[in-house]
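# An overview of the molecular structure
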Amino acid sequence: MANTAQTVERDVSQATEVKWQKPSKFQHFLKTAWDCKILLAMLLPALTYVIIFSYIPMTGI
């Protein structure tokens, strides 16, 4: 009986160990971007203006 109790105790201790993984750089970037979503929304009209009036006309060159 003692052997089964030790096995159960060992299995429980192994199950509770959860390895923590460091988030990747891309995940960190996404979290930072999500935290600054209002600032990114304010940047969107300026980027749209630059793309429409600066880069699209260059396609004819």
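Residues numbered from 1 in each chain as written. Predicted model: local features only at pLDDT ≥ 70, side-chain atom pairs only at ≥ 80, totals over all residues. Heavy atoms only, no water.

## Regarding the overall build of the protein chain
- Scanning the protein chain from terminus to terminus reveals three helices and zero strands.
- Reading the helices (α) and strands (β) of the protein chain from amino to carboxyl end gives α-α-α.
- Considering the protein chain as a whole, with its 61 residues, one finds that 0% of them fall into the buried category.
- Summed over its atoms, the accessible surface of the protein chain is roughly 6,300 Å², and 69% of this surface lies on carbon and sulfur atoms. (Helix = DSSP H or I, 4+ residues; strand = E, 2+ residues; numbered from the N terminus. Buried < 20%, exposed > 50% of the residue type's maximum accessible area, 1.4 Å probe, protein only. Areas by Shrake-Rupley, 256 points an atom, 1.4 Å probe, with all protein chains shown as cover.)

## Thoughts on the confidence of the model for the protein chain
- Confidence in the prediction for the protein chain averages 80 pLDDT; 70% of positions are at 70 or higher.
- Across the protein chain, the element-wise mean pLDDT spans from 57 in helix α1 (residues 2-16) up to 93 in helix α3 (residues 37-55). (pLDDT = per-residue confidence, 0-100.)

## Thoughts on the pattern of salt bridges
- On inspection of all chains with the given rule, the structure shows one salt bridge.
- Where Asp35 meets Lys31, a salt bridge forms, and the shortest distance between an N and an O atom there is 3.2 Å. Here the residue Asp35 and the residue Lys31 both occupy positions in helix α2 (residues 25-35), the gap between them amounting to four residues, near one helical turn. Like Lys31, Asp35 is exposed. (Salt bridge = Lys/Arg side-chain N within 4 Å of Asp/Glu carboxyl O.)

## Overview of α3
- Compared with an ideal rise of 1.5 Å per residue, which puts 19 residues at 27 Å, α3 spans 25 Å between its outermost C-alpha atoms and is within 8% of the ideal.
- At Leu43, α3 is deflected by roughly 30 degrees, the largest bend along its length, and proline Pro45 occurs up to four residues later in sequence. (Expected span 1.5 Å × (residues − 1). Bend = angle between axes of the 7 residues up to and from the residue.)

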